[in-house]
Amino acid sequence: MKARIFFTSCEDTDAIDAKGTTPMLELLRSGGSNMFPTLEPDWVDENLTLNQILARVGAVGGLGSSPLITMGIHSDQKESQKNIVYLTQTGYFLPSRQLFLGQRNSSILRLYERLYVDIMTSLGANFTTALRDAADLVDFEIRVANATSPPELRRDAEKLYNKMSIEELSKRYPQFDWLTYLKRQFSPEGIRLTARDKVVVNALDYYDKIFPIVDNTPRRTLMNYCMWRIVYPLVGLLSKPFRDTKRQFSQALNGAARSPERWKECVTITDSKFPHASGRLYVDHHFSHHAKAKVEDMIRNLVSSFKDMLHETDWMSEETKRAALEKADAIIYKIGYPDEIMNDTVLNEKIGNITITEDGYFHNHLQIFLHSRRKTLRKLREPVNREEWPVSAATVNAFYNRQTNEILFPAGILHRPFFSDQYLDALNYGGIGFVIGHEITHGFDDSGRSFDKDGNLHMWWKEEDLDRFKKRTDCMVKQYSNYTEPKLGRKVNGRLTLGEDIADNGGLKEAYKAYRKLVSKRGMEEPRLPVLDYTPDQLFFISAAQAWCGNMRDKLRLIYLQTDYHSPMRFRVIGPMQNNEDFTRAFNCPSGSYMNPERKCRVW
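Structural notes, computed from the coordinates. (Residues numbered from 1 in each chain as written. Predicted model: local features only at pLDDT ≥ 70, side-chain atom pairs only at ≥ 80, totals over all residues. Heavy atoms only, no water.)

1. A few points about the packing of helix H15 (residues 289-312) against helix H16 (residues 318-330)
Definition in use: Structural elements are reduced to axes, namely lines fitted to C-alpha atoms, with helices fitted over the stretch in contact, and the angle between N-to-C directions of any two is expressed from 0 to 180 degrees. Put simply, DSSP H or I for four residues or longer makes a helix, DSSP E for two residues or longer makes a strand, and each gets a number counted from the N terminus. Angle categories: roughly parallel below 35 degrees, roughly antiparallel above 145, roughly perpendicular from 65 to 115, and oblique for all the rest. Residue contacts follow a heavy-atom distance rule, with two residues in contact if any of their heavy atoms lie within 4.5 Å. Under the scheme applied here, ten amino acids are nonpolar (Ala, Val, Leu, Ile, Met, Phe, Trp, Tyr, Cys and Pro), four are charged (Asp, Glu, Lys and Arg), and all others, including Gly, are polar.
Closest axis-to-axis distance for the H15/H16 pair is 10 Å, and the angle between their directions is 180°. Considered as vectors, H15 and H16 are oriented roughly antiparallel to each other. Of the residues in H16, those touching H15 at Val303, Phe306, Lys307, Leu310 and His311 are Lys321, Ala324, Leu325, Ala328 and Asp329. Taken together, the residues of the contact of H15 with H16 break down into six nonpolar, one polar and three charged.

2. Some words on the sheet that holds strand S5 (residues 332-336)
The line we're drawing: Between any two strands, at least two bridges found by DSSP are needed for them to pair.
Strand order in this open sheet of three strands is S5-S7-S6, and the pairing throughout is mixed. Each edge of the sheet is formed by a strand with only one pairing partner; in this case those strands are S5 and strand S6 (399-401). The average angle at which neighbouring strand axes cross in this sheet is 15°, direction not considered. Where S6 lies against strand S7 (residues 406-410), three bridges are found, and the strand directions are antiparallel. Residue Phe399 lies in a different strand from S7, and its bridge partner there is Leu408. Against the sheet, helix H20 (residues 432-442) engages S6 and S7, with an angle of about 150° to S7.

3. Notes on the pairing of strand S2 (residues 79-88)
The side chains of a regular strand alternate, residue by residue, between the two faces of the sheet. Pairing of strand S1 (residues 70-76) with S2, which is carried by seven bridges, proceeds in the antiparallel orientation. Pairing of Ser75 across the sheet is with Asn83, part of S2. Taken together, S1 and the strand that follows it, S2, pair antiparallel across an intervening segment of two residues. Bridge count for S2 against strand S4 (residues 198-201) is three bridges, and the pairing is parallel. When the bridges of S4 are listed, Leu87 appears paired with Val201.

4. Notes on the state of the cysteines
Which entries qualify depends on this criterion: Two cysteine sulfurs form what is called a disulfide whenever their separation falls within 2.5 Å. Buried, partly exposed and exposed residues are distinguished by accessible area as a fraction of the type maximum, computed with a 1.4 Å probe on protein chains only: under 20%, between the cut-offs, and over 50%, respectively.
According to the stated counting rule, one finds two disulfides in the structure shown. Here Cys10 engages in a disulfide with Cys266; their sulfurs sit 2.1 Å apart. Given an S-S torsion of about -85°, the disulfide between Cys10 and Cys266 has left-handed geometry. Of the two residues, Cys10 sits in helix H1 (residues 2-11) while Cys266 sits in helix H13 (residues 262-273), which places them 256 residues apart along the sequence. No difference in accessibility class separates Cys10 from Cys266, as the two residues are buried. A sulfur-sulfur separation of 2.0 Å characterises the disulfide bridge that pairs Cys475 with Cys601.

5. Things to note about the pattern of salt bridges
Rules: What makes a salt bridge here is a side-chain nitrogen of Lys or Arg within 4 Å of a carboxyl oxygen of Asp or Glu, nothing more.
Evaluated as defined, the whole model comprises 41 salt bridges. Taking the shortest distance from any N to any O, the salt bridge between Arg172 and Asp208 comes out at 3.4 Å. In this pair, Arg172 sits in helix H8 (residues 166-172) while Asp208 sits in helix H10 (residues 204-215), placing the two residues 36 residues apart along the sequence. By relative accessible area, which is 41% here, Arg172 ends up partly exposed. In this structure, Asp244 and Lys240 form a salt bridge, with 2.7 Å as the shortest nitrogen-oxygen distance. Taken together, the residues Asp244 and Lys240, both in helix H12 (residues 240-254) and four residues apart, mark about one turn of the helix.

6. Structural notes on the packing of aromatic side chains
This is how it is decided: Each pair of aromatic rings taken from Phe, Tyr and Trp, with Trp reduced to its six-membered ring, is defined by centres within 6.5 Å and is described as stacked if the planes are under 30 degrees apart, edge-to-face if over 60, and tilted in the remaining cases. When the NZ atom of lysine or the CZ atom of arginine is within 6 Å of a ring's centre and also within 35 degrees of its normal, the charge is said to sit over that ring.
Taken as a whole, this structure holds 45 aromatic pairs when the rule is applied. Between Phe6 and Phe274, the aromatic rings sit 5.6 Å apart at their centres with planes inclined by 55°, giving tilted as the arrangement. Of this pair, Phe6 sits in helix H1 while Phe274 sits in the loop between H13 and helix H14 (275-286), and the two are 268 residues apart along the sequence. Relative accessible area serves as the criterion here: at 0%, Phe6 is assigned to the buried category. In this structure an aromatic cluster arises from ring pairing among Phe93, Phe100, Tyr112, Tyr116, Trp228, Tyr232 and Phe249. Stacked on the ring of Phe444, the Lys or Arg Lys327 has its end atom at 5.3 Å from the ring centre. Positioned above the aromatic ring of Trp548, the side-chain terminus of Arg572 is 3.8 Å from the ring centre.

7. A few points about the environment of Arg154
Here Arg154 shows up in the loop between helix H6 (127-147) and helix H7 (157-160). Assessed through its relative accessible area of 19%, Arg154 is described here as buried. Spatially, the C-alpha atom of Arg154 lies 32 Å from that of Leu48, the residues being 106 residues apart in sequence. Non-local contacts of Arg154, meaning those with residues more than four positions away in its chain, are made with Thr88, Gln89, Ser149, Leu160, Asn202 and Ala203.

8. Digging into the sheet that holds S4
Across the sheet, four strands lie side by side as S1-S2-S4-S3; this open sheet has mixed pairing. Bordering the open sheet on either side are S1 and strand S3 (163-165), each of which pairs with just one other strand. If you compare each strand with its neighbour and ignore which way they point, the axes differ by 40° on average. Summarising the sheet, S3 and S4 pair through three bridges and their orientation is antiparallel.

Everything listed here is a matter of geometry and, on its own, says nothing about what the molecule does.
In structure tokens form, the structure reads like this:
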């Protein structure tokens, strides 16, 4: 019922519009005065330290906001049964780091400045003041972006893992009072930290650079930046002028022609805020338990095929191969939904005692955020919950978690075009089978290979085997880096997409081997489909290709090319099939032709 009420509050734009700026201004006032220079003509520079600024900003609505210092609670990569604090580099307001690193007067950065001015003046700021502050804020964010590392340089888990006590952290970065900051973050839940408590810093380069930048930045700019990072994520919850401004910015940035209908937008938002409740409704109405049993069989067949591929590998020592086989056997798989969402009592406990009202859309969001934040903070002193699902059962996606060595397939993806009870096995193995193989292979890609069967960051490879693995991945990096997006004339970043490319190549190979083993066991080929003049083997690869059919506007395509760990969809089809000899045989591709190049890259 709370999920339904929340959905109603999202749809009721009349009630949202009637409140105007009131919800936002009330939230900002909750932090006290002298907080947001752009909005306060009488703002006074108190020469606050970064810690003092973050303390004030975090008090706004009790949200605990902490721009520049990004903290999370996750399982310790080297002790996967325990949770620990992770400190990482900050995110970017714009979707890509590269958008901050081009020309200072680029259309994107001018658009960003204009967005700040429009939002601030709508909240009551003076236009000239907002214009000046916008330029200073963007200049600051450019310096912050330069302090971060690009995503392709953040794939080596071993190099990123830097565990130390808070005392050691404070000695390395004495410019910031870490113990006071962390105590403040956890105090709402009564969790006490001492200087001896350990944290993991996976962005040493960033913290080496950010504090000198902060020291040389006016406090006015820092305060504006930190408050802006609170305000903008909430702008879409306000009245129509704010929603229109945000939509127009998004359309200009991504090239989108129009926004989705409001009810569709509200479905997506409700699913993200109430994943277990919406997942329960989806499962009740749209999930086949027969499908779950069939997918379980497919997973077992795919794992068996991957193990066959390991046995056939001629570049790994027997010692490393045995460890890899053990890891494959230890993979846990979750299919459809977590059983607990079918238990009303447990489901209600997950939602908690938050108050959701039909005319309080802005307030509803804050309540859900605070509830989620409290749950996250409590995890620090709790064991890792390996039964937890990170997404709604209605999600159309699949996942591999390297720290639990598990693969997860929500009910939402177990439908056409990936899977159907009425499909030939060739189509199912080409569709969801390809996806299953992809997720299995993630456990053995350039990042997943660093984690053992229990999900611990642990070197289980012999050095010479790892060297051979890296040579094979270098081939794939070069292959994908030579692909050019035809509409953009820009090349793929093969270093960024390496993990997904390894998973795509291995997944396709595993799925085909599993399909052929099934046909062999049955003792007869599947029938051809009427009208379509394709063999079952050809249908397998057509189904695999069809799973990645998609399109996007060029502006968004460019952002994805710069930020997405996946290759563009066309190359998720072309790359694995160019490397796949079974594809070559199925379609009789001439040697040396585009789809059958003489040089093929193989990791698994």
